[in-house]
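Chain and residue survey
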Amino acid sequence: PAADPAAAEAEAALFFSGNRVLAGAEPAAHCYCGHQFGSFAGQLGDGAAMYLGEVLGPGGERWEIQLKGAGITPFSRQADGRKVLRSSVREFLCSEAMFHLGIPTTRAGSCVTSDSTVVRDVFYDGNPKNERCTVVLRIASTFIRFGSFEIFKPPDEFTGRKGPSVNRNDIRIQMLDYVISTFYPEIQEAYSDSTIQRNAAFFKEITKRTARLVADWQCVGFCHGVLNTDNMSIVGLTIDYGPFGFMDRYDPEHVCNGSDNTGRYAYNKQPEICKWNLGKLAEALVPELPLEISQLILEEEYDAEFEKHYLQKMRKKLGLIQLELEEDSKLVSELLETMHLTAGDFTNIFYLLSSFSVDIDPSKFEDFLEELTSQCASVEELKVVFKPQMDPRQLSMMLMLAQSNPQLFALIGTKANINKELERIEQFSKLQQLTADDLLSRNKRHWKEWLEKYRVRLQKELESVGNADAWNTERVKVMNSNNPKYILRNYIAQNAIEAAENGDFSEVRNVLKLLEHPFQEAEGFQEVKEDAEEEGASAAAAVCSQETRSKPPYCSKPPLWASELCVT
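What this report covers is the structure whose coordinates are included nearby. Just so you know, these numbers come straight off a predicted model, no measurement behind them. (Residues numbered from 1 in each chain as written. Predicted model: local features only at pLDDT ≥ 70, side-chain atom pairs only at ≥ 80, totals over all residues. Heavy atoms only, no water.)

Let's talk about unusual backbone geometry
Working note: non-glycine residues mostly have negative phi, and peptide bonds are mostly trans. Quick note on the threshold: Strands are runs of DSSP state E lasting at least two residues, helices are runs of H or I lasting at least four, and both sets are numbered from the N terminus onward. The classification of residues rests on relative accessible area computed with a 1.4 Å probe and restricted to protein chains. Under 20% of the type maximum is buried, over 50% is exposed, and intermediate values are partly exposed.
Cis peptide bonds are those with omega within 30 degrees of zero, and the linkage from Val-286 to Pro-287 qualifies with 10 degrees. Tracing the chain through its elements places Pro-287 in the loop between helix H6 (270-284) and helix H7 (291-317). Unlike most non-glycine residues, Arg-77 shows phi in positive territory, near 50 degrees. In this fold, Arg-77 is placed in the loop between strand S4 (62-68) and strand S5 (83-84). On the basis of relative accessibility, which here comes to 54%, the residue Arg-77 falls in the exposed class. Positive phi, normally seen in glycine, also occurs at Asn-167, with a value near 70 degrees. Within the secondary structure, Asn-167 is located in the loop between strand S7 (129-140) and helix H3 (169-183). Taking the relative accessible area as the measure of exposure, Asn-167 reaches 72% and is therefore exposed.

As structure tokens, this is what we get:
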């Protein structure tokens, strides 16, 4: 290794861009299949990721390392195997954000960009542009997915596609032996004399891990965006960061992926979709695990584990640390309902709740209410949210078609989309009459109602403890370590990407530093943009800080321009 830091960095860039192969590495691409948006797509595989090998850590832990975006692989199909700066910065920042939030995830070790460019049509709208090629070093115990086991699938009854290794049960056995002995050694040890029992214990464990993982996502408002079976980790990690998004304004039907037209992977659908994906994994394990065994495990374990973990996490977010009451589930759903009614910011409202107390005095309560309602969408923001999206003539044609020819309508439009548009029109017209004062008093009324229920529940906690001060200190501490102040909001990522595209990486570093301390002010961190000249940034990099794109604090709910951001 080179002695001085600059030479070491240059050498690292050669290895981590794929221009030089690490000693002992045997680059390979992984073959897998997948159900994409509910349909079996046949053979997929790593079209842009290259597996380098495994590294053993000092404690004997095993890390698989791979480069994403280093070029063509045997599974690139018609693509070029490249990734661009925009998507690479998003993956790099989000995998680190998730890790520091305590959510199981693959990690990002480095991000290397170049002057080479590729053409990308970001919004699939016929407006392609040149973007800089970038390579991310990804690290995980393994990148094996549910879809890895679908390579044995016989022809699918709907799509007719099949896996490349049909009838190769010998490989399925080899893969199961490898996965269980390597990543679930305690299961391998406990069931060494019965393969079916061992495989059942493995399926039960991945079912529970997946349920807990999704519960973690729901509790921080994370939407994955593309929960296909090939994007589900066999060890229960968040994997494959594409059109993900952290939800800002609470909307249970929030869809973060601009190309998910039917909302299959909406925020509130994530738990049931992951259960569906586990069902597909179960099918892929036959005959090594009979379906009647795996289906029973799925029905008995998944929902119960999800509900249990979700409620445990939500109790911590609400500071309910003493008692576990039956009514807590209702309190949580009423909180989310209030958030939905008032279009509240999911992250910021949870973060504020730790400053509410049982014996808050009336004047402080009013201040608290002001602060809480300031995290709800304004009339102006709501008009953007509910702005009708279809041409009125198109809508009336669709409605006429739904009446006259339901079969044809079913082919070209979905009832859910039409209903959503009608709801938007109704809400938008109501907003024309709504004043800011009306909205504020309505929101305050909703929040007062819920806070009274919350106060009653906190009172029950208080009555069950001996030392009120110690309880309150602990309550606030638990809340502040479960309710992040900083998440990777789309607009924050966008500002960092735009600066990086203009040669200034200081904002990516700033955001990374922030996301490494999501629950508190990062020590010595100033929410001020570093001097752009330091990185030799061009004048164009300053565009973000002009009037039209003023830069709010990193913990702020999104500015109005952010509503136009679309990730596909």
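Things to note about a negative patch on the surface
Heads up, the condition is: Note that patches include only residues with greater than 30% relative accessible area and no salt bridge, and the join distances are 9 Å for like charges and 5 Å for nonpolar side chains (Val, Leu, Ile, Met, Phe, Trp, Tyr). Note on areas: Shrake-Rupley, 1.4 Å probe, and residue coverage restricted to the protein chains presented here. Think of a salt bridge as a Lys or Arg side-chain nitrogen and an Asp or Glu carboxyl oxygen that are within 4 Å of each other. By the counting scheme adopted, Arg and Lys are positive, Glu and Asp are negative, and His together with the chain ends is not counted. Here the site of a charge means NZ on Lys, CZ on Arg, CG on Asp, or CD on Glu.
A cluster of acidic residues, Asp-359, Asp-361, Glu-366, Asp-367 and Glu-371, forms a negative patch at the surface. Along the polypeptide, Asp-359 turns up in the loop between helix H9 (346-352) and helix H10 (362-373). Classification of Asp-359 by relative accessible area gives exposed; the value is 66%.

Concerning the packing of H7 against helix H8 (residues 328-341)
Heads up, the condition is: Here the axes come from fitting lines to C-alpha atoms, over the contacting stretch only for helices, and the angles between their N-to-C directions go from 0 to 180 degrees. Each angle gets one of four labels, with under 35 degrees taken as roughly parallel, over 145 as roughly antiparallel, 65 to 115 as roughly perpendicular, and the rest as oblique. Pairs of residues are marked as contacts when any of their non-hydrogen atoms sit within 4.5 Å. Charged residues are taken to be Asp, Glu, Lys and Arg, nonpolar residues to be Ala, Val, Leu, Ile, Met, Phe, Trp, Tyr, Cys and Pro, and polar residues to be all remaining types, Gly included.
Remark: H7 packs on H8, axes separated minimally by 10 Å, with the N-to-C direction vectors making an angle of 70 degrees. Taken together, the axis directions place H7 and H8 in an arrangement best described as roughly perpendicular. Along the contact surface, H7 presents Tyr-310, Leu-311, Met-314 and Arg-315, while H8 presents Asp-328, Ser-329, Val-332 and Leu-336. Residue classes in the contact of H7 with H8 are distributed as five nonpolar, one polar and two charged.

Some words on the environment of Tyr-454
Examined against the element boundaries, Tyr-454 turns out to sit in helix H15 (residues 436-463). For the pair Tyr-454 and Val-358, spaced 96 residues apart in sequence, the C-alpha separation works out to 8.7 Å. Contact partners of Tyr-454, with chain neighbours within four places excluded, come to Leu-318, Leu-320, Leu-331, Leu-353, Phe-356, Arg-475 and Met-479.

Looking at the packing of aromatic side chains
Filter applied, for reference: Ring pairs are drawn from Phe, Tyr and Trp, using the six-membered ring of Trp, whenever the two centres fall within 6.5 Å, and their geometry is named by plane angle: stacked under 30 degrees, edge-to-face over 60, tilted for the rest. Whether a charge lies above a ring is judged from NZ of Lys or CZ of Arg, which has to be within 6 Å of the ring centre and within 35 degrees of the ring normal.
This model, assessed by the stated rule, comprises 18 aromatic pairs. When the ring of Phe-356 is compared with that of Tyr-454, the centres are 5.7 Å apart and the planes differ by 25 degrees; the resulting orientation is stacked. Of this pair, Phe-356 sits in the loop between H9 and H10 while Tyr-454 sits in helix H15, placing them 98 residues apart in sequence. Three or more aromatic residues link up through ring pairs in this structure, and these residues are Phe-356, Phe-365, Phe-368, Trp-447, Trp-450 and Tyr-454. Between Arg-20 and the ring centre of Phe-15, over which it is positioned, the NZ or CZ distance is 5.6 Å. The side chain of Arg-475 reaches across the aromatic face of Trp-471, ending 5.7 Å from its centre.

Remarks on the pairing of strand S2 (residues 39-43)
Successive residues of a regular strand alternate their side chains across the two faces of the sheet. Which entries qualify depends on this criterion: Here, a strand pair is defined by DSSP locating no fewer than two bridges between the strands.
Bridge count for strand S1 (residues 33-36) against S2 is three bridges, and the pairing is antiparallel. Looking across to S2, one finds that Cys-33 is bridged to Gln-43. Between S1 and S2, which pair antiparallel in sequence order, lie two residues; one of them, Phe-37, sits at a positive phi of approximately 50 degrees.

Focus on the side chain of Arg-172
Following the sequence through the fold, Arg-172 ends up in helix H3. Although Arg-172 is buried, it forms no salt bridge, and the closest oppositely charged side chain is Glu-288 at an N-O distance of 5.7 Å. Those residues within four positions of Arg-172 in sequence are excluded, and the remaining contacts are Phe-149, Phe-152, Ala-284, Leu-285, Val-286, Pro-287 and Glu-288.

A word on the environment of Ala-304
Looking at the secondary structure, you find Ala-304 in helix H7. In this structure, the C-alpha to C-alpha distance between Ala-304 and Ala-211, residues 93 residues apart in sequence, is 8.7 Å.

Some details on the packing of helix H5 (residues 195-220) against H7
How we decide: Note on convention: the crossing is left-handed when the near helix lies turned anticlockwise from the far helix by less than a right angle, right-handed when the turn is clockwise.
Following both chains from N to C, one finds H5 and H7 inclined at 30 degrees, their axes separated by 8 Å at the closest point. Between H5 and H7 lies a crossing of right-handed hand. Its residues assigned to classes, the contact of H5 with H7 comprises 14 nonpolar, five polar and eight charged.

A word on the nonpolar core
To be explicit about the condition: Only buried Ala, Val, Leu, Ile, Met, Phe, Trp, Tyr and Cys residues count toward a nonpolar core, and they belong to the same one when joined by side-chain atoms within 4.5 Å.
With 115 residues, the main nonpolar core has Phe-149, Phe-203, Leu-318, Leu-353, Leu-451, Tyr-454 and Leu-488 as its most contacted residues. Here this core takes 12 residues from H5, the largest share from any one element.

Notes on the environment of Lys-551
By secondary structure assignment, the location of Lys-551 is in the segment after helix H18 (506-515). With 59 residues separating them along the chain, Lys-551 and Ile-492 place their C-alpha atoms 9.0 Å apart.

Thoughts on helix H1 (residues 5-16)
One full turn of an α-helix is made of 3.6 residues, so residues set three or four places apart face in the same direction. This is how it is decided: Expected span, for any helix, means 1.5 Å times one less than how many residues it has.
Given a rise of 1.5 Å per residue, 12 residues ought to cover 16 Å, and the 16 Å separating the end C-alpha atoms of H1 matches this to within 8%. Phi for Gly-18, located one or two positions after H1, is positive at around 85 degrees.

Section: helix H12 (residues 392-404)
Note the cut-off: Arc definition: it is the arc formed by the directions from the helix axis to the C-beta atoms. Pairing of N or O atoms within 3.5 Å defines a polar contact, subject to two protein rules: one partner must be a possible hydrogen donor and the other a possible acceptor, and residues neighboring in sequence count only if both atoms are side-chain atoms.
Compared with the 18 Å implied by 1.5 Å per residue over 13 residues, the 18 Å span of H12 between its first and last C-alpha is a close match. Listed as buried for H12 are Leu-395, Met-398 and Leu-401. Seen along its axis, H12 keeps its buried residues to an arc of 125 degrees; they face one direction. Set apart from the buried face of H12 by more than 90 degrees, the exposed residues are Pro-392, Arg-393, Met-397, Met-400, Gln-403 and Ser-404. Next to the buried residues of H12 lie helix H13 (406-412) and helix H14 (415-433). Where H12 begins, the side chain of Asp-391 points an oxygen toward the backbone nitrogen of Arg-393, at a separation of 2.7 Å.

A few points about the pattern of salt bridges
Across all of its chains, the model carries 36 salt bridges by this definition. With a closest N to O distance of 2.7 Å, Glu-54 and Arg-62 form a salt bridge. For Glu-54, a relative accessible area of 32% corresponds to the partly exposed category. When the shortest N-O distance is used, the salt bridge between Asp-328 and Arg-315 registers 2.7 Å. Of this pair, Asp-328 sits in helix H8 while Arg-315 is found in helix H7, placing the two residues 13 residues apart along the sequence.

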